[in-house]
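Working through the structure, step by step
Each chain is listed here by its residues.
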Amino acid sequence: MENRVIIGGQWGDEGKGKIVDSLSRKVDWVIRFQGGANAGHTIYVGDQKHVLHLVPSGILHEGVLGFLGGGMVVDPWSLRDEILALEQKDISVRDRLLVSATAHLVMPFHKRLDELRESRLKRKSIGTTGRGIGPAYLDKVQRTGLRMGDLLLPRENLERKAIEKILTANEVLCQFYEADPVPAKVLAEELVVLAQFLAPMIVNPYEALRPVRDGIASALFEGAQGTLLDVDHGTFPFVTSSNSTIGGVLTGTGLPPRSLGEIIGIFKAYCTRVGNGPFMSELLGDQGDQLRDAGGEYGATTGRARRCGWFDLVAARYAADINGMTGVIITKLDVLDKMSTVRVATGYDLDGEELTTYPVLSEALPRCKPIFRDFPGWEKPTSECRRLTDLPANARKYLEFLEQELGVHIQGISVGKEREAMIWTETGVST
Ligand code: IMP
């Protein structure tokens, strides 16, 4: 079976969780490679709703192994709670989940620093999820962070090392932010207890992923966030702190390029963004509210109302190109069912000049005004459609246009939140 990478094509929240769940039924491994508990992947199985932040979505299938790669930043408190919450629903993951010893730890002081930095930035804030992601990656690149492997140290050594890191963080908290320190001894002791819980899952990634590297075991790589939130390729500085694009799979797992297989981009049939930063095809006012209500666009991690807008083809083409997408899946098509007109941003007006390629530089993006092309809506329900031919003609025309303009086959269309609400295509949607 060919491996697959699932990458968000927009600003995250494209519905990757459901797609990973669908595509991971028969794989051996589902592997996260970047990000942390800032992700919120929602999956509906029967009447049950699961929101996963760290544990890969594919783990909901019995027998599938989950892996948290070294490119991640893992909050051990959240990870334990997520594992226990799944166990309460009779989904046992402890024996099927492995964590790379090289993944960095998100500590409570990272979350505190995240909040304080955001409030100091005031109107210029990024609008982070408050999960300590930026400060944890900062500790990684400045080579001061704690790693999962440290949880395997003898108790006294771990406690000593943790206290040392916490005291250094407290200097920043107290002296720079004039905030209260976090309790070093208490947190270090909690970490020792967490270490006992998590230790059996912590592994050497080079050894653990050998079957995937050797092509003996199949893998699905579960991206979090999306292309436009990538620290290098996104709308900097309004981005997350990791590589959510294709390169992150390699650095975040230590696997070679030949292990990647198909690269599938997930795009919502429209666009959303949480947090601040440029959003070229954003809909403000009533129309934005209408889309938000129809799509239930509230963050799975923070509950924040998402900003909503039309499909941005300029940004989508950029995402398809830089990731080398070999296939695309469109999600939440049914959300547009009641719209009389559906619009697509096919270009940007930048200071009077028409752009059809993504300008990349953040200075230009806020000045880009969308140039829309209108499509007649289909104004019929699509959520029961299971074959391409079940879709209303106008919905097909809309999808055909996206496929042709993206230059990548649409392999699937999600028309509802349930697992089975999917249309799969063999050779794309264009006739
Ligand atoms: P951080 O990753 O918490 O530092 O947040 C940085 C930016 O990425 C903010 O705009 C967040 O709203 C956004 N972000 C982070 N994770 C997600 C996600 O899973 N979905 C959507 N947006 C996200």
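Residues numbered from 1 in each chain as written. Predicted model: local features only at pLDDT ≥ 70, side-chain atom pairs only at ≥ 80, totals over all residues. Heavy atoms only, no water.

**Overview of the overall build of the protein chain**
Counting its regular elements, the protein chain contains 12 helices and 20 strands. Whereas a compact globule of 431 residues would reach a radius of gyration of roughly 22 Å, the protein chain reaches 22 Å, a difference of no more than 12%. Looking at the protein chain as a whole, 57% of its 431 residues qualify as buried. Within the structure as shown, the protein chain displays about 18100 Å² of accessible surface, and the carbon and sulfur contribution to it stands at 50%. In the protein chain, the 50 positive side-chain charges and the 56 negative ones have mean positions that sit 1 Å from each other. (Helix = DSSP H or I, 4+ residues; strand = E, 2+ residues; numbered from the N terminus. Rg over C-alpha atoms; globule rule 2.2 N^0.38 Å. Buried < 20%, exposed > 50% of the residue type's maximum accessible area, 1.4 Å probe, protein only. Areas by Shrake-Rupley, 256 points an atom, 1.4 Å probe, with all protein chains shown as cover. Lys, Arg positive; Asp, Glu negative; His and termini not counted. Charge placed at Lys NZ, Arg CZ, Asp CG, Glu CD.)

**A word on the site of the ligand**
Residues in contact with the ligand amount to 16 residues; listed here are only the nearest, D13, N38, T129, T240 and R304. Within the contact set of the ligand, a nitrogen atom lies 3.1 Å away from a side-chain nitrogen or oxygen of D13. T240 is positioned such that a nitrogen or oxygen atom in its side chain is 2.6 Å from an oxygen atom of the ligand. Its free accessible area being 470 Å², the ligand has 97% of it covered by the protein chains. Of the residues belonging to the shell around the ligand, the class tally is seven nonpolar, seven polar and two charged. (Near = heavy atom within 4 Å. Polar contact = N/O pair within 3.5 Å; in protein donor to acceptor, adjacent residues only side chain to side chain. Nonpolar A, V, L, I, M, F, W, Y, C, P; charged D, E, K, R; others polar.)

**Describing helix α4 (residues 133–141)**
Of all the positions in α4, only I133, P135, A136, Y137 and D139 are classed as buried. The elements touched by buried residues of α4 are β6 (73–74), β8 (104–105) and α3 (108–121). Within two residues after α4, R143 carries a phi angle of roughly 65°, on the positive side. (Contact = heavy atoms within 4.5 Å.)

**Thoughts on the domain arrangement of the protein chain**
Along its sequence, the protein chain is carved into domain 1 (4–101 + 202–263), domain 2 (105–199) and domain 3 (266–424). Its C-alpha centre places domain 2 at a distance of 37 Å from the equivalent point of domain 3. Facing the six residues of domain 2 at the interface are five residues of domain 3. Together domain 2 and domain 3 conceal approximately 410 Å² of surface at their shared face, both sides included; 37% is due to carbon and sulfur atoms. It is G127, T129 and R131 in domain 2 that bury the most area against domain 3; as a group they hold 66% of the surface buried on that side. Taken together, the links from domain 2 to domain 3 amount to zero salt bridges. Looking at the side of domain 2 that touches domain 3 residue by residue, the class counts come to one nonpolar, four polar and one charged. (Domains from an automatic or database assignment. Buried area = accessible area lost by both parts, 1.4 Å probe. Salt bridge = Lys/Arg side-chain N within 4 Å of Asp/Glu carboxyl O.)

**Concerning the environment of R292**
The residue R292 is located in helix α10 (residues 285–295) in this model. For R292, a relative accessible area of 16% gives the class buried. The spatial distance from the C-alpha of R292 to the C-alpha of T272 is 8.7 Å, given a sequence separation of 20 residues. Setting aside residues up to four positions removed in sequence, R292 forms contacts with E297, Y298, A305, R306, R307 and C308. Reaching out from R292, the side chain makes a polar contact with the backbone oxygen of R306 at a distance of 2.8 Å.

**Concerning the side chain of S24**
With respect to the helices and strands, the residue S24 is situated in the loop between α1 (16–23) and β2 (29–32). For S24, the side chain forms a polar contact with the main-chain oxygen of V20, separated by 2.6 Å.

**Considerations on the state of the cysteines**
Applying the stated criterion across every chain yields a total of zero disulfides. Note on C271: no disulfide assigned, nearest cysteine sulfur contributed by C308 at a separation of 9.7 Å. The class of C308 is buried, set by a relative accessible area of 0%. (Disulfide = S-S within 2.5 Å.)

**Section: the environment of G285**
The topology assignment puts G285 in helix α10. Taking C-alpha positions, G285 is 30 Å from L391, a pair spaced 106 residues apart along the chain.

**Observations regarding the packing of aromatic side chains**
As enumerated under the stated definition, the model contains eight aromatic pairs in all. For the ring pair F375 and F401, a centre distance of 4.8 Å and an interplane angle of 50° mean the geometry is tilted. Here the residue F375 occupies a position in strand β18 (residues 368–376), and F401 occupies one in helix α12 (residues 393–406), the gap between them amounting to 26 residues. In this pair, the class of F375 matches that of F401, namely buried. Taken together, the ring pairs in this structure connect F375, W378, Y398 and F401 into an aromatic cluster. For R210, the ring lying beneath its charged end belongs to Y206, and the centroid distance is 5.0 Å. (Phe/Tyr/Trp six-rings, centres within 6.5 Å; stacked < 30°, edge-to-face > 60°. Lys NZ or Arg CZ within 6 Å of the ring centre and 35° of its normal.)

**Thoughts on the pairing of strand β7 (residues 97–100)**
Strand direction decides the pairing type here: strand β5 (residues 65–68) and β7, joined by three bridges, are parallel. Residue pairing for β7: G66 is matched across the bridge by L97. (Pairing = 2+ DSSP bridges.)

**A closer look at the packing of helix α5 (residues 155–176) against helix α6 (residues 184–198)**
Two numbers describe how α5 lies on α6: the axes approach to 9 Å, and their chain directions differ by 140°. Relative to α6, the element α5 is oriented oblique. The handedness of the crossing between α5 and α6 comes out as right-handed. Contacts between α5 and α6 pair R155, L158, E159, A162, I163, I166 and L167 from the former with A184, K185, L187, A188, E189, L191, V192 and A195 from the latter. Considered class by class, the residues forming the contact of α5 with α6 number 11 nonpolar, no polar and four charged. (Axes fitted to C-alpha atoms, helices over the stretch in contact; angles between N-to-C directions. Parallel < 35°, antiparallel > 145°, perpendicular 65-115°, else oblique. Left-handed = near helix turned anticlockwise from the far one by under 90°.)

**Here we look at the nonpolar core**
Counting residues in hydrophobic clusters, the biggest one holds 57 residues, and the most contacted among them are L333, L336, L391, Y398, L402 and I413. Ranked by the residues each element gives to this core, the list is headed by α12, at six residues. The residues contacting L336, other than those within four sequence positions of it, are A269, Y270, L291, W310, V342, W378 and Y398. Grouped together as the second largest cluster of nonpolar side chains are 47 residues, L52, M148, A162 and V192 included. (Core = buried A, V, L, I, M, F, W, Y, C linked by side-chain atoms within 4.5 Å.)

**Comments concerning the side chain of T272**
Tracing the backbone shows T272 in strand β12 (residues 271–273). There is a polar contact of 2.9 Å between the side chain of T272 and the side chain of K268. In this structure T272 touches W11, G12, D13, F279, E297, R306, R307 and C308, once residues within four positions along its chain are discounted.

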